[in-house]
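Here is what each chain is made of, one letter per residue.
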Amino acid sequence: MATGDEEVKSLSLYNRTSTLGGIYFLLLVNRMQMHYFILIMPVYLVHPYMVWGIVAMGLLSHLNLMMMSKWFTSSYAAKGYQGFLQLFGKRTVQVFAILGFLLILLKISIITLGYVEMLHNFIFPSMDKRWLILIILLISLYVASHGMENTLRFVVIAFLCGAWISVMFIPFFFQPDANYHDLYPLIPTEWSGQSWQGLLFIWSAFSGPVYLVFMVPWLSSNKKISKYLVIGNMLSIMEYLLLFVASVLFYGSYYLRKIDFPIGYMGSYIQTSGLERIDYILISFHMFNYVFDISILLLCFYGAGRIFMRKMKERTTRIGFWSSWLVILISIILMDQWLWQTVPGQNMLLNIQIWISSCIYLLIPTILFTAVKRKERM
Amino acid sequence: MEQYDPQMKIHQMSTWLDELKQKLNHMDDAEIIEHKIGTSASVHLLYIKTLIDPERLNETIIQPLHRSACNSLSSCITNAKVSEVLSFEDAEQKIMQGFILLNDSVNDQWLGVQLENPLGRAVEPSQTETVIYGAKDSFSEQIDKNITMLRRRLPITTLKTESFTIGSLSKTKVVLLYIDGLTNPEFVSLARKKIESVDFDQFLDSSQLAAFIEDHNHTVFPQFLQTDRPDACAYALGEGKLTLLVSNSPFALIAPITFFHLIQSPEDYFLPWPVASFLRLIRYGSFIVSLTMIPFYVALTTFHYQMIPLPILFVLLESRSKLPFTPFTEGLFMIVTLEIIKEASLRMPTKTSQTLGVIGGIVIGQAAVEAGFASKVLIVLMGISAIAFFLVPNYQVTKSMVLLQILLLILASFLGLPGIVIGLIGILAHLHALTSLGQPYLAPIAPFYGKDWNDLFIRGPLIWMKTRPNYLKPLRKWRQEMKK
C-alpha cells in the first residue's frame with residue numbers, strides 16, 4: 001500500500017478485486033447503445049420503413065457482438081494490455097492507442113455537447129452552456145475516480161435510473177390521435193442517399209459496446225457471454241423501435257424531419273394531473289446514462305493516454321487522471337465555441353462521429369476476431 | 001515474546017503486593033485485607049469494594065478462609081471461578097474489572113476471583129426499534145447478559161465468541177460473535193485484525209468502536225448496523241454476518257451490512273409477506289420523498305414553474321406572494337427549524353417533549369406562515385417530509401439524511417431538477433464506492449445478485465428464502481439442512 005506523499009498522488013483506478021458476471025455484459029451493451037444518438041434518431045430516420053433498418057442493423061450488430069464474444073472468451077482478452085501486445089506488438093498497440101485517444105475524445109465531446117444542447121434547449125435556455133459542460137464533467141470525474149471496477153458496476157444503477165424513461169413513451173401508441181396510417185409504407189417505394197445515411201446512423205448508434213473490448217479484464221468471460229450480449233442488443237433494438245415508432249405515430253413522417261429533438265418534445269406532451277412538462281424529469285434522469293458513459297470513456301481515455309505515453313508500468317496518478325479530464329473539458333469547450341454553435345459545424349461533427357463509430361464497429365471486432373484466429377492457428 | 005521463567009516469576013510476584021498497594025493509593029474504595037491461615041501463612045485480599053459483590057465475597061472467600069479447612073487457597077473457593085494471574089498488568093486489569101486478587105504466599109501464587117457487582121438493569125423493550133410483534137427484550141449494558149440472550153436464541157456450539165480488550169483508559173471488553181462454519185472466515189479475520197489494531201484511550205459505546213473499525217471514515221452513512229435487539233442480531237448471525245458486543249453499551253454492531261439494511265425493519269420478518277412488502281415499499285418511498293420533496297419544491301418554484309398545472313400554480317403564487325425570501329432560504333429555514341425542534345424534543349423529558357411537539361408543529365408552523373417566513377405549501381410539504389423521515393427505522397440514517405437533504409436543496413437552488421439528479425448521482429456513486437467490512441454497500445443491486453432480490457424492495461415469502469444472501473459469501477449457502 002502506498003504511504004505518505006505517494007498515497008496523495010497515486011490513485012488506484014484500474015485495480016481489480018473481482019470479476020463481474022454476464023449480467024454486466026447485458027447491461028453494458030444496452031446502456032452503451034442508449035446515448036445521444038437515440039435522442040436524435042427519429043430526425044435521421046424519418047421514414048416508417050426504417051423500422052426494418054433498425055431490425056436489420058440490430059441483427060448485424062448481433063453478428064458483430066458474436067464476433068466480439070470470441071475475443072472476450074480468448075486468453076488474450078483476459079490479459080488486457082499484455083494480450084494486445086501479444087497480438088499486435090508494442091508499436092502497433094501504441095498507434096492504436098493514439099487513434100483510440102482521439103476517437104474517445106471525439107465521442108465524449110459529442111455526447112456531452114449533444115446532451116448539454118438538450119438541457120439548454122429544454123430546461124436552461126438562458127444559462128451559459130459552459131457551466132453545464134463543467135458540471136456534467138465534474139460529476140463524471142467523481143464517478144470515474146472510484147476506479148474502473150466500480151464504474152463498470154455503476155451500470156446497474158444507470159440502467160435502473162435510466163431504462164424506465166423508454167417506458168414513459170408507450171402511451172403514445174394508444175393516444176386517440178395516434179394515426180397508424182403514418183406507419184406506412186413499410187416497404188420503401190424509393191431508396192435514396194438519405195436512406196443509406198439512415199442505415200449508417202443506426203449502425204453507428206449500435207456501436208457503443210465496442211469499448212467493452214478494453215474492459216474484459218474486469219468482466220468475467222465465459223462461453224455464455226454471447227447470450228448476454230445478444231439479450232442486451234435485443235433490448236436496445238426494442239427500445240430503438242419503441243421510441244422510433246412512437247415518434248412516427250406522434251409526428252408523422254412529414255413533421256418528423258422538421259424537429260430537432262423529437263423525443264424531447266414528445267416528453268413535453270406527457271401530462272399528469274399533478275405535474276406538467278414531464279420532459280424536465282425525463283431529460284434530467286437521462287443524465288444517469290450520460291454520466292455513466294462519460295465516466296467509462298474518461299477511464300478509457302486516460303488508459304489510452306498512458307499507453308501512448310509509455311506509462312503503463314507506472315502507477316496511475318491523480319495528476320494524470322485530472323489532466324486527462326482537463327484535456328476533455330478544454331476540447332469540449334473549444335469544440336462548442338468553434339463548431340457546435342453553428343448548424344454546419346454541428347452537422348459536420350455529427351457526421352464525423354457517425355462515420356467514425358460505424359467504421360470502428362465494423363473494424364475492431366473484425367480485426368480482433370481475425371487476429372485471435374490467426375494466433376490460434378499458429 | 002518473552003520467555004517464561006518460573007524463578008523470575010516468583011521473584012517478580014513477591015514485589016507485586018507493594019506495587020499494587022502503591023497503585024491503589026488514594027483510592028478510598030480500594031481494600032487490602034490480610035488473612036492469617038494457620039500460624040505462619042497469610043493471604044492478602046485486594047479488591048475495589050465498589051466493583052465487587054460484598055455478599056458473595058463473604059460467602060465465597062471470607063467464610064471458607066475462616067473455616068481454614070482447605071489445603072490450598074484455590075481449593076477453599078468452590079463456588080466461584082478462580083484463575084491464576086500471570087502478569088502484573090493482568091493483576092492490575094483484573095482488580096479494576098471487579099476481581100478479588102488473592103496472594104497465596106505459601107505457593108507464591110496470585111489468584112483472581114471474579115465477583116463483579118451485577119449493576120444491571122432489568123431487561124426492557126427496545127427504545128429505538130419498537131415492534132408490535134416479535135420479541136420485546138433488548139440488550140443492556142452487561143455484556144455477559146447480552147451474550148446469554150444471543151446464546152438462548154442460537155443454542156449451538158458453533159456460535160463462537162472471541163474477546164478483546166480495547167482502550168488504554170477504559171479497558172473496554174469487546175466480544176466478536178460469529179457462527180463457525182457459516183460466516184465467511186474472511187470477515188472474521190478482517191474484523192479481528194481491525195479490532196486488534198484499534199489504538200485509543202477510551203471507548204464508552206459501541207458507536208465509538210464502529211468509528212475506528214469502519215472501512216470509510218469520511219461518510220455520513222453507517223457501515224455497521226447498530227441495534228439493541230437480540231433477535232435482529234441472532235437473525236444476522238444466522239445469515240452469515242458477525243456481531244460485536246461492547247461492554248457497557250446496549251447496542252451491538254452488525255456487519256457486513258448494505259445500505260438497504262438501514263431501511264428495513266425487524267418487523268418485516270414477523271408480518272405476512274404481502275403486508276411486509278407493502279410496508280417496505282412505503283418505507284423506500286418515504287425515504288425518497290423525505291430526501292427530495294423540499295429540494296423538488298425549491299427546483300419547481302425557482303426554475304420550473306411550467307411543470308406546475310395552472311390551478312396549483314395559482315395556489316402556490318398566492319401562498320408565496322407575501323414572502324420576502326427565496327424558496328431556497330425558505331426551505332433551508334424550515335429544515336433547520338424542524339431539526340432544532342426534533343433535537344430539543346429528544347433532549348427533554350417525555351411530557352415536555354410532547355408539548356414541544358405541539359408548539360413546534362402547530363404554533364411555530366402557523367406563526368411562520370402568518371409572519372411571512374414560509375409559505376403554506378411549504379409547511380404542508382415539510383410536514384409530509386418530516387413524517388416520511390420517521391418511517392426510516394434507522395436513527396443514524398435519519399440524521400444523515402438531513403445533511404443530504406440540504407445538499408440536494410443547494411443543488412436544486414442552483415440547477416433545478418438537473419441539480420437534484422446530479423446530487424442523486426453523486427450520492428449513489430458515493431454509496432456505490434462504500435464497503436462494510438470489505439463488502440459492497442449497494443449489494444445486491446451493484447454488484448448484482450439477482451437471487452437476493454427476493455428480500456430487497458419486497459420481502460418475499462420466507463419459504464422462498466432458501467439460500468442465504470450471496471453477497472455475504474456464506475460457507476453454508478442453503479438454509480435447509482437437506483440441501484447442505
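The structure reproduced in this document is the subject of the present report. (Residues numbered from 1 in each chain as written. Chains lettered and ligands numbered in written order. Predicted model: local features only at pLDDT ≥ 70, side-chain atom pairs only at ≥ 80, totals over all residues. Heavy atoms only, no water.)

Scanning chain A from N- to C-terminus turns up 18 helices and zero strands. Principal-axis analysis of the C-alpha atoms gives chain A an extent of 65 × 50 × 35 Å. Classification of the 378 residues of chain A by burial places 58% in the buried group. When contacts within chain A are restricted to residue pairs at least 6 apart in sequence, those whose partners lie at least 24 apart make up 86%. (Helix = DSSP H or I, 4+ residues; strand = E, 2+ residues; numbered from the N terminus. Buried < 20%, exposed > 50% of the residue type's maximum accessible area, 1.4 Å probe, protein only. Contact = heavy atoms within 4.5 Å.)

On to the nonpolar core. With 216 residues, the main nonpolar core has Trp71, Leu212 and Met215 of chain A together with Phe259 of chain B as its most contacted residues. With 17 residues, the single largest contributor to this core is helix H14 (residues 395-433) of chain B. In this structure, Ile166, Tyr178, Leu209 and Leu244 of chain B belong to the second largest nonpolar core, which totals 24 residues. (Core = buried A, V, L, I, M, F, W, Y, C linked by side-chain atoms within 4.5 Å.)

So, on to the interface of chain A and chain B. If you look at the interface, chain A gives 31 residues, while chain B gives 31 residues. Carbon and sulfur atoms supply 80% of the area that chain A and chain B bury against each other, a total of about 2700 Å² over both sides. The three residues of chain A that bury the most area against chain B are Phe124, Arg153 and Tyr280 of chain A, which together make up 18% of that side's buried surface. For the interface between chain A and chain B, the tally reads zero salt bridges. At five residues, the largest contribution of residues to the side of chain A that touches chain B is made by helix H8 (residues 129-144) of chain A. (Buried area = accessible area lost by both parts, 1.4 Å probe. Salt bridge = Lys/Arg side-chain N within 4 Å of Asp/Glu carboxyl O.)

This brings us to the side chain of Ser284 of chain A. By secondary structure assignment, the location of Ser284 of chain A is in helix H15 (residues 279-285). Residue Ser284 of chain A is classed as buried on the basis of its relative accessible area, which comes to 0%. Ser284 of chain A has contacts with Tyr115 and Ile123 of chain A together with Leu417, Pro418 and Val421 of chain B, leaving out every residue within four places of it along the chain.

In this section: the side chain of Glu214 of chain B. All names here are of chain B. Its location among the elements puts Glu214 in the loop between helix H7 (206-213) and strand E8 (225-227). No salt bridge is formed by the buried Glu214. Its closest oppositely charged neighbour is Lys194, at 8.9 Å. Discounting residues that sit within four places of it in the chain, Glu214 has contacts with Lys194, Gln223 and Phe224. (Lys, Arg positive; Asp, Glu negative; His and termini not counted.)

On to unusual backbone geometry. A cis geometry characterises the amide bond from Ala255 of chain B onward to Pro256 of chain B, with omega recorded as -10°. Positionally, Pro256 of chain B belongs in the loop between strand E10 (252-255) and helix H9 (273-302). Pro447 of chain B follows Ala446 of chain B through a cis peptide bond whose omega is 5°. Tracing the chain through its elements places Pro447 of chain B in the segment after strand E12 (439-440). Unlike most non-glycine residues, Arg277 of chain A shows phi in positive territory, near 45°. Take Arg277 of chain A: it is sitting in the loop between helix H14 (262-267) and H15. Relative accessible area serves as the criterion here: at 22%, Arg277 of chain A is assigned to the partly exposed category. The residue Leu437 of chain B is not glycine, and still its phi comes out positive at about 50°. Among the secondary structure elements, Leu437 of chain B is positioned in the loop between strand E11 (435-436) and E12. Given a relative accessible area of 3%, Leu437 of chain B falls into the buried group.

This brings us to the environment of Phe174 of chain A. Residues and elements named next belong to chain A. By secondary structure assignment, the location of Phe174 is in the loop between helix H11 (164-167) and helix H12 (193-205). Assessed through its relative accessible area of 64%, Phe174 is described here as exposed. Once the C-alpha coordinates of Phe174 and Leu334 are considered, the two residues, 160 residues apart in sequence, prove to be 44 Å apart.

A few words on the pattern of salt bridges. Residues and elements named next belong to chain B. In the structure shown here, the tally under the stated rule is 22 salt bridges over all chains. Of the charged contacts, one joins Lys399 and Glu339 as a salt bridge, the two residues approaching to 3.4 Å between their closest N and O atoms. Residue Lys399 is located in helix H14, and its partner Glu339 is located in helix H11 (residues 327-347); the two are separated by 60 residues in the primary sequence. Glu339 sits in the buried class, given a relative accessible area of 14%. Here the salt bridges share partners, and the residues they tie into one network are Asp268, Arg280, Arg283 and Asp455.

Between two aromatic rings, the relevant description is the distance of the centres plus the angle of the planes. Inspection of every chain in the model, using the stated rule, returns 43 aromatic pairs over all chains. The interplanar angle of 70° and the centroid separation of 5.9 Å between the aromatic rings of Phe200 of chain B and Phe203 of chain B together place this pair among those described as edge-to-face. Residue classification places Phe203 of chain B among the buried positions, given a relative accessible area of 2%. Ring-pair connections join several aromatic residues into one group, and the members of that group are Phe221, Phe259, Phe260, Tyr284, Phe287, Tyr441, Phe448, Trp453 and Phe457 of chain B. Sitting over the face of the ring of Tyr302 of chain A, Arg306 of chain A holds its NZ or CZ atom 5.8 Å from the ring centroid. (Phe/Tyr/Trp six-rings, centres within 6.5 Å; stacked < 30°, edge-to-face > 60°. Lys NZ or Arg CZ within 6 Å of the ring centre and 35° of its normal.)

Let us now look at the pairing of strand E4 (residues 99-104) of chain B. All names here are of chain B. Counting buried positions along E4 yields six of six residues, so the element is predominantly enclosed. A two-sided burial pattern is seen for E4, the buried positions comprising Phe99, Leu101 and Asn103 on one face and Ile100, Leu102 and Asp104 on the other. Both E4 and strand E5 (residues 109-114) contribute to a ladder of six bridges, which runs antiparallel. By the bridge assignment for E5, Phe99 is matched with Gln114. (Pairing = 2+ DSSP bridges.)

Residue and element names in this part refer to chain A. A contiguous patch of positive charge on the surface is contributed by Lys70, Lys223, Lys373, Arg374 and Arg377. Element by element, the count of residues in the positive patch is highest for helix H18 (residues 343-377), at three residues. Position of Lys223 among the secondary structure elements: in the loop between H12 and helix H13 (225-256). (Patch = residues over 30% accessible without salt bridge, like charges linked within 9 Å, V, L, I, M, F, W, Y side chains within 5 Å. Areas by Shrake-Rupley, 256 points an atom, 1.4 Å probe, with all protein chains shown as cover. Charge placed at Lys NZ, Arg CZ, Asp CG, Glu CD.)

Residues and elements named next belong to chain B. The strand order across the open sheet built from five strands is E6-E7-E9-E10-E8, with neighbouring strands paired in antiparallel fashion. On the outer flanks of this sheet lie strand E6 (159-166) and E8, each paired with one strand and no other. On average, each strand axis in the sheet is inclined to that of its neighbour by 25°, with strand direction left out of account. Direction of pairing for E6 relative to strand E7 (residues 172-179): antiparallel, over a ladder of eight bridges. (Axes fitted to C-alpha atoms, helices over the stretch in contact; angles between N-to-C directions.)

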